[in-house]
Amino acid sequence: MSHKQNDSIQTVVATGIGAAIIFVLMKFVAIPTGIPNTQINVAEGFLPLLGAIYGPVAAGLAILIGHTLNDFVTYGSPWWTWVITDALIGVAFGATKNRLKIQAGALSTAKLIWFNLYQVVVNFIGWVLLAPTGDILVYHEPAKKVFFQEVTTWIVNSLSVAVIGTILLVLYSRTRTKKGSLKKER
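Think of each chain on its own: its residues are numbered from 1, step by step along the sequence as written. In keeping with the predicted nature of the model, local features appear solely for residues at pLDDT of at least 70, side-chain atom pairs appear and are counted solely at 80 or more, and the whole-chain, interface and lining totals rest on all residues. Values reported for side chains reflect all heavy atoms of the structure, with hydrogen atoms and water molecules removed beforehand.

1. Some thoughts on the pattern of salt bridges
Salt bridges are counted wherever a side-chain nitrogen of Lys or Arg sits within 4 Å of a carboxyl oxygen of Asp or Glu. Enumeration according to the criterion identifies one salt bridge in this entry. When the shortest N-O distance is used, the salt bridge between Glu-141 and Lys-145 registers 2.5 Å. Under the relative-accessibility criterion, Lys-145 is labelled partly exposed at 39%. The buried label applies to any residue whose accessible area, calculated with a 1.4 Å probe on protein chains only, is under 20% of its type's maximum; exposed applies above 50%, and partly exposed to all values in between.

2. Details of the environment of Trp-127
Helix and strand definitions follow DSSP, with helices as H or I runs of at least four residues and strands as E runs of at least two, each counted in order from the N terminus. Counting through the fold element by element, Trp-127 comes out in helix H6 (residues 109-139). For Trp-127, a relative accessible area of 1% translates into the label buried. We call two residues in contact when some of their heavy atoms are within 4.5 Å. Setting aside residues no more than four positions away along its own chain, Trp-127 makes contact with Trp-82, Thr-85, Asp-86, Ile-89, Pro-132, Glu-150, Val-151, Thr-153, Trp-154 and Asn-157.

3. Quick word on the packing of helix H4 (residues 80-94) against H6
A fitted line through C-alpha atoms represents every axis, and for helices the fit uses only the stretch in contact; the resulting angles, taken between N-to-C directions, go from 0 to 180 degrees. Contact geometry for H4 and H6: axes closest at 9 Å, N-to-C directions at 155°. Viewed along their axes, H4 and H6 adopt a mutual orientation that is roughly antiparallel. Our pair here, H4 against H6, has a crossing hand that is right-handed. Residue classes follow a fixed rule: Ala, Val, Leu, Ile, Met, Phe, Trp, Tyr, Cys and Pro count as nonpolar, while Asp, Glu, Lys and Arg count as charged, and any other residue, Gly among them, counts as polar. Here the contact of H4 with H6 is built from residues that sort into 14 nonpolar, six polar and two charged. In these notes the angle categories are as follows: under 35 degrees is roughly parallel, over 145 is roughly antiparallel, 65 to 115 is roughly perpendicular, and the rest is oblique. Helix crossings are classified by the rotation of the near helix relative to the far one: an anticlockwise turn of less than a right angle makes the crossing left-handed, while a clockwise turn makes it right-handed.

Any link to function would need more than the numbers given here.
This is the structure we're talking about:
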């Protein structure tokens, strides 16, 4: 089997497993904020790990599928503006794979600081710019309502990623052998 085929199989498997984990986390481990349809989502904290290991396709598709399934089960139909926003955020997190190089076990403090600044900006673009605009244009939701919900979502998702995501990235990177750290015995 070629390296490219192996990568494709890994991406498909990671997408399926990732979608299942995201669904379970969204459905059963979400923490209410007191604002309607807005919760602290532990799944958002899992997403950077998935993206850093498997890249943008797996992270984007996993959150798209997991979020869609959660919405179907919870609300009867997906809220597409939020599902698509989450998918784009998953792709953006997956785009960090080559910069973070988590598989090489070299996750420095500087990389973690960069990632957290990046994720706050990505979440801002998604939850403060894209999602509310979509809610207003597609669902004709009142601007005041959606901006309140989605600024809250930006803050809680950024915190979830900063805390849970950072912990998962650090723990995973510690399981990886740093390149060049093993020496051949003679």
